[in-house]
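# Structural overview for review
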Amino acid sequence: KDRCKAIEKHLKKDVLLAQVKRAIKENLISADCEPTAVYEYVWGLLTETELGVALRNKIYELDEEAKKRPRLPAKKIKPQLPAVREPLDVMETARCQWDEQTLYELKYLLSKISYPHVRSRGQMKRLPKLEDENVEFPVRFIYTSDDIFESMVAIESQNFSAKTNVVGWNSCKLILKTPTLEHLAEKYRELRPDVRQMGVDESIYGSEWFGAERERTGTSLANTGYIPHLKNYAKTGVPNSLRPTLWGRILKSQPTIKDIHHYNDLKNQLMSTELITDFLVRFDVQETADNEEFFVFSDNLLEIMLIFFRDPSIRPLCSLLPSNLNLDLSAFESKGLHVTQSGVIPFYQVSILAAPFSFLFSANEDMYFMFRAMYARYFCRLGILSSKKDSIYYLARTFEDLLIAAHPDVFHHAVQIGAPPLRTVFPWIFTAFSGVLPVFEVLQLWDRVIAYDSLELIPALAAAIYVFRAQHVVLCERPEEVEELFKE
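Residues numbered from 1 in each chain as written. Predicted model: local features only at pLDDT ≥ 70, side-chain atom pairs only at ≥ 80, totals over all residues. Heavy atoms only, no water.

### Here we look at the nonpolar core
Within the largest apolar cluster, 118 residues are counted, with the highest numbers of intra-cluster contacts made by Met305, Phe357, Tyr375, Phe379, Trp446 and Tyr466. Looking at which element gives the most residues to this core, the answer is helix α21 (residues 439-452), with 9 residues. The contact partners of Met305, leaving out residues within four places of it in the chain, are Val281, Val285, Val350, Ser351, Ala354 and Phe371. With 8 residues, the next largest nonpolar core counts Leu11, Leu46, Leu55 and Leu62 among its residues. (Core = buried A, V, L, I, M, F, W, Y, C linked by side-chain atoms within 4.5 Å. Buried < 20%, exposed > 50% of the residue type's maximum accessible area, 1.4 Å probe, protein only. Helix = DSSP H or I, 4+ residues; strand = E, 2+ residues; numbered from the N terminus. Contact = heavy atoms within 4.5 Å.)

### Examining the packing of aromatic side chains
One pair of aromatic rings is described through two measures. These are the centre distance and the angle between the planes. Inspection of every chain in the model, using the stated rule, returns 28 aromatic pairs. Seen in terms of ring centroids, Trp247 and Phe357 are 6.3 Å apart; in terms of plane orientation they differ by 75 degrees. Their pairing is edge-to-face. Taken together, the positions of Trp247 in helix α10 (residues 243-251) and Phe357 in the loop between α16 (350-354) and α17 (364-377) put the pair 110 residues apart, joining distant regions of the chain. Considered together, Trp247 and Phe357 belong to a single accessibility category, that of buried residues. Where Phe359 meets Phe440, the ring centres are 5.7 Å apart and the plane angle is 75 degrees; that geometry is what we call edge-to-face. Of this pair, Phe359 sits in the loop between α16 and α17 while Phe440 sits in helix α21, and the two are 81 residues apart along the sequence. Linked through ring pairs, Trp247, Phe308, Phe309, Phe357, Phe371, Tyr375, Phe379 and Trp446 together constitute an aromatic cluster. Directly above the ring of Phe210 sits Arg196, whose terminal nitrogen or CZ lies 5.9 Å from the centroid. The residue whose ring lies beneath Arg214 is Tyr233, and the NZ or CZ to ring-centre distance is 3.9 Å. (Phe/Tyr/Trp six-rings, centres within 6.5 Å; stacked < 30°, edge-to-face > 60°. Lys NZ or Arg CZ within 6 Å of the ring centre and 35° of its normal.)

### Some details on the environment of Ser157
By the secondary structure assignment, Ser157 is in the loop between α6 (145-153) and α7 (181-187). Residue classification places Ser157 among the buried positions, given a relative accessible area of 13%. Ser157 has contacts with Lys173 and Leu174, leaving out every residue within four places of it along the chain.

### Comments concerning α10
In terms of burial, α10 is largely enclosed, as 7 of its 9 residues are buried. Turning to α10, its buried residues are Arg243, Pro244, Leu246, Trp247, Gly248, Ile250 and Leu251. Buried positions along α10 lie against α8 (208-224), α9 (227-234), α17 and α21. Directly after α10, the chain includes Lys252, whose backbone phi takes a positive value near 55 degrees.

### What to know about the state of the cysteines
The full count for this structure, using the stated rule, is 0 disulfides. We note that Cys380 lacks a disulfide partner, and the nearest cysteine sulfur, in Cys318, lies 4.3 Å from it. (Disulfide = S-S within 2.5 Å.)

### Regarding the packing of α10 against α21
It is the contact of α10 with α21, at a shortest axis distance of 11 Å, that shows an interaxial angle of 30 degrees. Relative to α21, α10 is oriented roughly parallel. In the crossing of α10 with α21, the sense of the turn from one axis to the other is left-handed. Along the contact surface, α10 presents Arg243, Trp247, Ile250 and Leu251, while α21 presents Leu443, Gln444, Trp446, Asp447 and Ile450. Residue composition of the contact of α10 with α21, grouped by class: 6 nonpolar, 1 polar and 2 charged. (Axes fitted to C-alpha atoms, helices over the stretch in contact; angles between N-to-C directions. Parallel < 35°, antiparallel > 145°, perpendicular 65-115°, else oblique. Left-handed = near helix turned anticlockwise from the far one by under 90°. Nonpolar A, V, L, I, M, F, W, Y, C, P; charged D, E, K, R; others polar.)

### Topic: the pattern of salt bridges
Scanning all chains against the criterion turns up 16 salt bridges. The shortest N-O distance in the salt bridge between Glu150 and Arg423 comes to 3.3 Å. One end of the pair, Glu150, is in helix α6; the other, Arg423, is in helix α20 (residues 421-430), and 273 residues separate them in sequence. Here Lys235 and Glu190 are joined by a salt bridge, their closest N and O atoms 4.0 Å apart. Here Lys235 is found in the loop between α9 and α10, whereas its partner Glu190 is found in the loop between α7 and α8, with 45 residues between them in sequence. (Salt bridge = Lys/Arg side-chain N within 4 Å of Asp/Glu carboxyl O.)

### Thoughts on the packing of α6 against α20
Where α6 contacts α20, the two axes come as close as 10 Å, and the packing angle between them is 125 degrees. In terms of orientation, α6 lies oblique with respect to α20. Here α6 runs over α20; the crossing is right-handed. Residue-level contacts link Ser145, Ile148, Phe149, Glu150 and Met152 of α6 to Leu422, Arg423, Phe426 and Phe430 of α20.

### Section: α8
With 17 residues, α8 should reach 24 Å at 1.5 Å per residue; the first-to-last C-alpha distance of 25 Å fits that figure. Buried within α8 are the following residues: Phe210, Gly211, Arg214, Gly218, Leu221 and Ala222. When α8 is viewed along its axis, its buried side chains cluster within an angular range of 100 degrees and face the same direction. Projecting away from the buried face of α8 at angles above 90 degrees are the exposed residues Arg216 and Asn223. Contacts from the buried residues of α8 go to α9 and α10. Two residues or fewer after α8 comes Gly225, characterised by a positive phi angle close to 80 degrees. (Expected span 1.5 Å × (residues − 1). Arc of directions from axis to C-beta.)

### As for the confidence of the model for the chain
Of all residues in the chain, 79% attain a pLDDT of 70 or more, and the chain-wide mean is 82. With pLDDT under 50 throughout, residues 72-84 is counted as low confidence; its partners more than four residues away or in other chains account for 3 contacts. Below pLDDT 50 for its whole length, residues 333-337 participates in 5 contacts with residues either more than four positions away or in separate chains. (pLDDT = per-residue confidence, 0-100.)

Written out as structure tokens, the structure reads:
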């Protein structure tokens, strides 16, 4: 009831509702409609017209946002709660330390650079390519997945007492409320083996009809554009040909004319000026381009990544504010040292998160806005020290809890030989399996991430892969053997 009132209040201020009312009024005036058939006629307008579907999508989005907000007890005067970045003090302290460490690395890196911090490119007729100049190897990246992992395992639970001497096997010491195997089985019941899945069943001999049927159904749903129906469809996978359209509608990432102008403005900035951190982006793209699946897209990838770090709209779009965005960069800006305009500092493997989108789009603009939407909604959480749901710490703890529940003996053995399972799979989680699995398997995984609007499937898949190799893990006697086991 409270959610309905909040949605109604928000819609009254939205111009979309006024547009829908005007369209309905004009259609009713012009239509020869019996009074008893008005309800059916109006419902048809809401379900079949573009404005009607847009209104239903807006109501759905407002309802989803309302579900995520904490509910306060009903009182005449609701207390003003202070803005809290983290519900756990120990995690807040860890985030502050991470900010300081990142800022230190940034300052150290800048002190080692010999050329001007901002350089004019002159009158360039095209964007720079990787082969145009020698990529300068940095002393090191500002941070990598290993740095985040070490910061995570260094966080000590304040609930631990030396007197009780109770220490778990987990690398992540904080106890969070993570989903159980039973909860995941119920939540993701559409992924049961007895349910046909796109990406698997259509390739089985005699089941070609399944792929054709999914194409027809998906095309019909894409034309309507109602987000709940599209998400429900995507839970069992999306055909390759429909993925750009369906993802674009669900994430609302299809670029408008305004978006294209924004992209071109950023492209012009890139053509004229080089930022101090551009060489880091080039180096990271070069690393990604070494992957045989992505090397042909290196120039496209370089362009969108250089533009990404110039886009000031990234910060307000992020679903969870990254620690990097809170760094005090005023000291650099006051000296004319433009570090990054997006609020995201280039880190190692950021470009590999964007690389799979090269297989979906031929136009860089379309590729960019899809990546921006995915980063702001999901990927930004993979580099954040937080105890909140779908943050990297939450996902890492979820993996450990699932593996302990499924195979405690295997987990204990790995810890005993000095090869904690989380250290093995952490790079997979950090990149959402991009660069780990073949690209079309990555896209199939991301179908489900978008459909369920959750990153929980990533640690669940990591745990499943580890369990699949469990019988071989128990035979390993050294960390190097475990590492070699999972290299393939």
